[in-house]
Amino acid sequence: MAPTSHYFTRFEPGKFYHVYNRTVDKSRLFANRGNYEYFIRKFDEYLSDYLEIFAYCLLGNHFHFLIKIKSGKTIRDNLKKFEELNKERIKGKQKILVDNRDLHDIVSERWKKFFQSYAMAFNKQQTRIGTLFQRPFKRVEVDTDNYFRNIVYYIHANPQNHGIVDNFRTYEWSSYLKIISKKPSKLQIEELLFWFGGLNGFLDYHNSVSELPSHLDLDD
């Protein structure tokens, strides 16, 4: 079971977080390839203006992201742009001035909108009703260099740990292959590799870790 604190961690600008969650009853989150692709598109649509992504993994009934929250100014500026572009749709709804909003609440709301958007589309496609994701979603601050490297490995190794593939390095729906390819991406590849001392250090770390600390056993 996830530690209780993982349900209440507050998002703060410039800090790293491991965000993860699963379906309410461990049922499938993705039924086909298109679902994975749609999930990634919606993540980009709802969250890329508010955070940076360093690693991710999408699995049958859950997901993992390692992200960093953008600066307070960037978050507020992007929210203002969003509301200006959507002023007709939100017209008449009670609004709180962007500059007065709590940054944690802004980011949390974007996550919730993302979950709602995906769940509505998935439920319609699968003729399913009801809540899809567990609530509240789980997040924990990544506050040390060692923890950062551990969680990157943990995220990438998840498909193998769950017996989905024999070798996590071949899994399509994680950031591992995108990172080693170094192709243009919204992933913060150069900054991530810096934490490992470069690409060779990244590869060596993923080839040498045999057992992760017990606090990373998140029962996901």
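Please refer to the structure placed before this passage.
Residues numbered from 1 in each chain as written. Predicted model: local features only at pLDDT ≥ 70, side-chain atom pairs only at ≥ 80, totals over all residues. Heavy atoms only, no water.

Chemist: Would you mind going over helix H3 (residues 103–125) in detail, with residue names and values included?
Modeler: The terminal C-alpha atoms of H3, which comprises 23 residues, lie 34 Å apart, in line with the 33 Å expected from a rise of 1.5 Å per residue. The distance from a side-chain oxygen at the start of H3 to the backbone nitrogen of His104 is 3.0 Å, and the residue carrying that oxygen is Asp102. In the stretch just after H3, Thr127 is the one whose phi turns positive, near 45 degrees. (Helix = DSSP H or I, 4+ residues; strand = E, 2+ residues; numbered from the N terminus. Expected span 1.5 Å × (residues − 1). Polar contact = N/O pair within 3.5 Å; in protein donor to acceptor, adjacent residues only side chain to side chain.)

Chemist: Which residues make up the nonpolar core, and what values do they have?
Modeler: In this structure, Phe39, Phe65, Ile67, Trp111 and Leu192 are the most contacted members of the largest nonpolar core, which totals 64 residues. Per-element tally for this core: the top contributor is H3, with nine residues. When neighbours within four sequence positions are excluded, Phe65 is seen to be in contact with Tyr17, His18, Val19, Phe39, Phe43, Ile53, Ala55, Tyr56, Leu58, Trp111 and Ile155. (Core = buried A, V, L, I, M, F, W, Y, C linked by side-chain atoms within 4.5 Å. Buried < 20%, exposed > 50% of the residue type's maximum accessible area, 1.4 Å probe, protein only. Contact = heavy atoms within 4.5 Å.)

Chemist: I'd like to hear about the environment of Ala121, residue by residue, with values.
Modeler: Along the chain, Ala121 falls in helix H3. Judged by its relative accessible area of 28%, Ala121 falls in the partly exposed class. Between the C-alpha atom of Ala121 and that of Asn35, which follows or precedes it by 86 residues, the distance is 9.2 Å.

Chemist: Please provide a residue-by-residue account of the side chain of His156, values included.
Modeler: The residue His156 is located in helix H4 (residues 145–161) in this model. Looking at His156, its side chain comes within polar contact range of the side chain of His206, at 2.9 Å.

Chemist: Help me get a handle on the pattern of salt bridges, residues and values and all.
Modeler: Across all of its chains, the model carries 12 salt bridges by this definition. Among the salt bridges present, the one from Arg33 reaches Glu37, with a minimum N-O distance of 3.3 Å. Residue Arg33 and its partner Glu37 are located together in helix H1 (residues 33–47), separated by four residues, close to a single helical turn. For Glu37, a relative accessible area of 33% translates into the label partly exposed. A salt bridge links Lys113 to Glu109; its shortest N-O distance comes to 3.8 Å. Of this pair, Lys113 and Glu109 are both found in helix H3, four residues apart, which corresponds to roughly one turn of the helix. The class of Glu109 is partly exposed, set by a relative accessible area of 35%. (Salt bridge = Lys/Arg side-chain N within 4 Å of Asp/Glu carboxyl O.)

Chemist: Lay out the packing of aromatic side chains in plain terms, naming residues and giving numbers.
Modeler: If you walk through the whole model with that rule in mind, you get 38 aromatic pairs. Note on Phe115 and Phe137: the rings are 5.4 Å apart at their centroids and 65 degrees apart in plane angle, and the pair reads as edge-to-face. Separated by 22 residues along the polypeptide, Phe115 in helix H3 and Phe137 in the loop between H3 and strand S4 (138–142) bring together distant segments of the chain. Both rings, one in Tyr176 and one in Phe202, keep their centres 5.7 Å apart while their planes meet at 25 degrees; by these two values the pair is stacked. (Phe/Tyr/Trp six-rings, centres within 6.5 Å; stacked < 30°, edge-to-face > 60°.)

Chemist: Explain the sheet that holds strand S3 (residues 62–69) to me, using residue names and the numbers behind them.
Modeler: On the basis of which strands lie adjacent, the open sheet formed by four strands has the order S2-S3-S1-S4 and antiparallel pairing. This sheet does not close on itself; its edge strands, each paired only once, are strand S2 (51–58) and S4. Each adjacent strand pair in this sheet contributes to an overall mean axis angle of 20 degrees, direction not counted. In terms of strand pairing, strand S1 (residues 16–22) meets S3 through seven bridges, oriented antiparallel. Paired with Tyr17 across the strands is Ile67, a residue of S3. Packed on one face of the sheet, H3 meets S1, S2, S3 and S4 and runs near 150 degrees to S3. (Pairing = 2+ DSSP bridges. Axes fitted to C-alpha atoms, helices over the stretch in contact; angles between N-to-C directions.)

Chemist: Quick one: what's the story with the pairing of S4, residue by residue and with numbers?
Modeler: With four of its five residues buried, S4 lies for the most part within the structure. Here S1 runs beside S4; their pairing, made up of five bridges, is antiparallel. Looking at the pairing, His18 lines up with Val140 of S4.

Chemist: Mind laying out the packing of helix H2 (residues 72–85) against H3, listing which residues take part and the relevant values?
Modeler: Running from amino to carboxyl end, H2 crosses H3 at an angle of 55 degrees, the nearest separation of the two axes being 11 Å. In terms of their interaxial angle, H2 and H3 are classed as oblique. When you trace H2 past H3, the crossing you get is left-handed. Each of Gly72, Ile75, Arg76, Leu79 and Phe82 in H2 lies in contact with H3, whose residues at this interface are Leu103, Ile106, Val107 and Arg110. The residue makeup of the contact of H2 with H3, split by class, is six nonpolar, one polar and two charged. (Parallel < 35°, antiparallel > 145°, perpendicular 65-115°, else oblique. Left-handed = near helix turned anticlockwise from the far one by under 90°. Nonpolar A, V, L, I, M, F, W, Y, C, P; charged D, E, K, R; others polar.)

Note that all results are geometric; they support no functional claim without further evidence.
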